[in-house]
Each structure stands twice: as structure tokens, then as C-alpha cells.
Amino acid sequence: MNTYLWLPILLLLTIWYLTFSANRLDRLHHRAETSWANLDAILQRRAALALDIAHTGAVDPATGLLLTAAAHQAREADIADRSEAESGLTQALLILVKETDLTARFPELFQELESLTERLRIAISLHVEAVNAARARRKKLIYRIFRLAGHAPLPVKYAFEDDSLMEITR
Amino acid sequence: MKIGFVSPYAWDVPGGVQAHIKDLALHYRKQGHEVSVLAPASDESLIEDDFVVTAGRPVAIPYNGAVARVLFGPLAASRVRQWIAGGDFDVLHLHEPAIPSLSLLACSIAEGPLVGTFHAAAPRQKVAFAIAPLLEPVIEKLRARIAVSEVARETLRIHLDTDAVVIPNGIDVDFFANAEANPNWKRPLTMGFIGRFSEPRKGLGVLLKALPNIARVFPDFRLIIAGPGEGLEAMQSINPSLRNRLEFLGRINDSEKAAFLKSLDVYIAPNTGGESFGIILAEAMASGVPIVASDIPAFRYLLDDGKYGELFENENSDELARKIIEFLKSEEKRQRFSQAGSDRAKRFDWKEVSDEIMNVYLHARSENEKVTLVSESRSWNRLFSREDD
């Protein structure tokens, strides 16, 4: 076959492959955004629950202060500091569960915390997975050469201590 | 919520994955959700469930050491497309999407809130490295992956380099716990085994080799074997004096299975491998029958390293005989494991498991999002999918 026929076919294939790759990345970004939105919603609810616990008089003033401070920090942190602030809140909640008799006196509050924590664990694992997939794809040569990521921001890695989270439910 | 399930295997053939989808779909329907299942069917007239949409006749392919009856190809693809376009689903739950099947087709055709459940466990295979690049763009569309066991999760990690949330298979605990024993089966010193015993990996051979040792201590023991297969063939390998101790029931239905488990003194699971979850052990625990099982990874995980059932070294018939004799000797030991197992089984009840899966659905979608066809929103794909068909 002559070269003049191959050239457009090759060009078409290249364009198709680039579009296909861009679509793939686009979906991965979308996946990361969805998982982040869900994770964020649960984190917000957790902070609100922590404030509730602190303000209902269910705990002593010192623990209440600790909880309030941690919850506010978690709410106000920007995305880069978020995981650190949320880990702080986890630690504060852990102290609450371990050191006070909340479990016995307010079982319904504790139950809500427990179910939120369980949902949080799944949301974190889905989000970490989505972010890793998107970041790994963006690192590939073809995405960098052709700037297939466009202006989409690099998904932020969320480092949450899964282990201390698990202790809350125990 | 409107939930679509895709089954890779034929609906009119009994199997673990189909049973899982059916139970889950019925459970959600009872809770007021709308469900629809897309599945292959060898004979459409045999399908009784009104929520099942058939997609055509499956073909038999060798897969993972067994014959899988699955369905794919252009005709199936157009059925999947129709079903998704007309379904208006909030979530699409694909089962076993990493094998050539309807689930894989659906995963490549759809986008949006997709959830995938991985059932199988397979050892590391060379071929995985060849197919992984083909599967990756499809599988990465899943917003959430569920593995039914740690073994399935590990399989997924090795083959596709992706992590999953572990949510176990579900069972109806009350159904097994409240079943009545069958007086024909319930006699002293009765052991039981359920499975396609002609498959070597089910381990019946290991159990049969242990029988002479057991007969030395308990000459009156009985072993009842349930499951499809030719009993006479298995009999050939047994000492003639032991043959009258064995009874073959053939295939049994769910109520018979519950009654069967209730009638036993001890349940034996001598499987030598290839098991991902071991739902029969969860069912046995729910019935309260004590278990002796091989120490393959799936069983070790399910029985928490021997806390909820006795483990013996895989394929070691002598140790199996020893453990069975210990069980038959001690009423107290049987009681203890029966109690521990009943507690453990609650973890696998559909009530809890279906809530966990619903939770994953909620995580997989953003508000008001629907499952759509890929080609609706991607002009290039539309152009090329015509040619692919």
C-alpha cells in the first residue's frame, strides 16, 4: 500500500489513542473528585458530631475543650493540611472513647460515632485508591508530553492513620 | 434507589456468585429499592425471578481450572447497552468484572457510579501480566471495588495492582440456625461433607484416606456426602468393610442443606485449595455444627486461625483423622466450637452485609448521579464503537 494512505490512518489512530487516554484520565479525575466529596461530607459530619458531644455536657470541660479545638481545626484546615487536622480530631476522639465513660452514659452518641467511623474507613480507602490511580496515570510519559491532564489540579494524597481510626470502633 | 446487577454466569445454573446476587437483590427489594439483574441463561423458560433480564445463551470456556459458562460478543454487548440505557440506574453492581463476561462488557460500556465485586481467588498467573493492560482501562472505571475475602483481595492486588474493600459473602443466619434436624440423618457419630466431590480440590480423597484411622476408634461412625457427582466412582477407592458407613445424597436444595447441617455431629471441609470464601463454613457455623477444616488461607481467615473451628494441615489425612477423633470423643469440645461458630456466623448475616454494601454504593456516587452509556457523552467513542461492533 502506498504511504499516502498509511499516513492519515496513522494520524487518525494517534488522535484516537490520545482522546482515549485523555478520557481515561478525565474519568479518573472525576472518580477522585466524587470520592473526595463523599469523604469530605463524612468528615464534616464527624466534626459536627464532635462539637455536639463537647457541647451537650456529656464530657468534662478539659475533654470538651480538646474536642472543640480539634473539631474547629479540622473544619478550617485547607486541603493540604486537612489530613493532619483530621488525624488530630481522630486522636481527640480516641481519648474521648478510651478515657471517659461516654460509651456507657450516651450509647446513642457513641453508636453514631461508631457508624460514622466505619463509613469513614471505607470512604478513605476508596479515595486513596482513586487518587493513587489518577496520580499514577498522570505520571506516564504520554500524559506529560501531550499535557493530557490539561488544567486539572493534581489530586491531593490523603494520609489518614487508618490504625488509630480502627481503635475508635473497638 | 435503583440498582442494576450484572451476573457473569448463567442464572439457571447453580453457583455461588448467582446465589449471592439473588440474595442481595431480594434483600434490597424487600427494603424498598428497585432491582434488576442482567444475566445469561441457557434456557430462558427456566427463569422464574421476575427481576431478571436475560441476555442470551452462555458459552462454556475453561477458566481458572474449571469450566465457566459465560456470555460475551457483539450481540450480548447490544443487549447490555439496551438494558443500561433503559434502566436509569443509580448504581450498577458488576460481579466478577475481570473475566471475559457480561460484567466486563457492562463495565466498558457504562460509566458513572459503578461498583465491582471480586469473588474469585487465583494463584499468581503469568497470563495476568498479558491481560492486565487490557483490563486496566476498564476496571479503573469502577468507583469502588469489593472483595469477598482477604484471599480475593490479594488476588486482585497481584493481578490488577488495585486495592479493594473486603465485605464478606452473606448468608441468612436465621434460616440455618432455626432449621430442624432430619431424623434419618441425625444419629450418633455422624460426619458430613457437601460439595462437588468429583473435583479433586474439594478434598474428598483426603477425607476418605482418614476413614480407616477413624474406624479403629469409632467403628460405628457414619459419613454422609451431599453434592452432585457419581457416588459409585468414589466408592471404588474405599476399603469394602467401610462402604456401608457411607451415604451419598446427591444434589440437595437449600432447606435440605439446612436440615442436613443441623443433623451432623461434625462438618468436614477438607478442600485442598482454590477456595476464595468458603460460604458452606459460614452456613455450618450458623447451624451450630462444629467444623474441622483444612488450613488453606480462605478457611484460616473465615475461622480466624482456628478460633471458630478446628484446622488441620492441608492434605494431611492422619492429622485430619486425629482431629475428627478428638471431636467425636469430646461432647464438651463440640459444644464449645458450636457456640463460638454461632457467634461468628452473625458477622455474615445479610442484614449486616447488605448494609455495608449499600454504604459502598453511597460512597460510589455523587448526588443525583446516574449510570450512563459511555458513548452518550464521548463523541470519539461513538464513532469507533460502531466499527467495533
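Residues numbered from 1 in each chain as written. Chains lettered and ligands numbered in written order. Predicted model: local features only at pLDDT ≥ 70, side-chain atom pairs only at ≥ 80, totals over all residues. Heavy atoms only, no water.

**Q** Tell me about the overall build of chain A, and please be specific about residues and values.
**A** When helices and strands are counted, chain A shows seven helices and zero strands. Going residue by residue from the N terminus, the α and β elements of chain A occur as α-α-α-α-α-α-α. Judged by the C-alpha coordinates and their principal axes, chain A covers about 85 × 25 × 20 Å. With 170 residues in all, chain A has 44% of them scored as buried. Long-range pairs, those at least 24 residues apart, make up 76% of the contacts in chain A with a sequence separation of at least 6. Taken as a whole, chain A presents about 9400 Å² of accessible surface, with 60% of it coming from carbon and sulfur. Looking at charge distribution, chain A has the averaged site of its 20 positive side-chain charges lying 13 Å from that of its 21 negative ones. (Helix = DSSP H or I, 4+ residues; strand = E, 2+ residues; numbered from the N terminus. Buried < 20%, exposed > 50% of the residue type's maximum accessible area, 1.4 Å probe, protein only. Contact = heavy atoms within 4.5 Å. Areas by Shrake-Rupley, 256 points an atom, 1.4 Å probe, with all protein chains shown as cover. Lys, Arg positive; Asp, Glu negative; His and termini not counted. Charge placed at Lys NZ, Arg CZ, Asp CG, Glu CD.)

**Q** Any details on the environment of A92 of chain A? Residues and values, ideally.
**A** Residues and elements named next belong to chain A. Looking at the secondary structure, you find A92 in helix α3 (residues 82–99). With 42 residues separating them along the chain, A92 and A50 place their C-alpha atoms 9.2 Å apart. Excluding anything up to four places from it in sequence, A92 contacts L66, L67 and A70.

**Q** Before we move on, can you summarise the interface of chain A and chain B with the specific residues and values?
**A** Each side of the interface is counted separately: chain A has 21 residues, and chain B has 24 residues. Summing both partners gives a buried area of about 2200 Å² for chain A against chain B, and 55% of it is carried by carbon and sulfur. Among the residues chain A hides against chain B, the three largest losses belong to R27, R31 and L126 of chain A. Together they make up 26% of the total. One salt bridge in this structure joins R24 of chain A and E136 of chain B, with 3.3 Å as the shortest N-O distance. There are 13 residue pairs in polar contact (both at pLDDT 80 or more) connecting chain A and chain B. Mapped onto the side of chain A that touches chain B, the elements with two or more residues apiece are α1 (3–55) and α5 (107–139) of chain A. Among the elements that take part in the side of chain A that touches chain B, α1 of chain A stands out by supplying 14 residues, more than any other. (Buried area = accessible area lost by both parts, 1.4 Å probe. Salt bridge = Lys/Arg side-chain N within 4 Å of Asp/Glu carboxyl O. Polar contact = N/O pair within 3.5 Å; in protein donor to acceptor, adjacent residues only side chain to side chain.)

**Q** Break down the environment of A258 of chain B for me, citing the residues and quoting the values.
**A** Residues and elements named next belong to chain B. Locating A258 in the fold gives a position in helix α9 (residues 254–263). A C-alpha to C-alpha distance of 29 Å links A258 and V53, two positions 205 residues apart in sequence. Residues in contact with A258, not counting those within four places in the same chain, are F175, F176 and A179.

**Q** Break down the sheet that holds strand β15 (residues 291–294) of chain B for me, citing the residues and quoting the values.
**A** All names here are of chain B. Ordered in space as β13-β12-β11-β14-β15-β16, the six strands form an open sheet in which the pairing is parallel. The open sheet is flanked by β13 (246–250) and β16 (310–312), the only strands paired with a single partner. Across the sheet, the axes of successive neighbouring strands diverge by a mean angle of 25 degrees, strand direction being ignored. (Pairing = 2+ DSSP bridges. Axes fitted to C-alpha atoms, helices over the stretch in contact; angles between N-to-C directions.)

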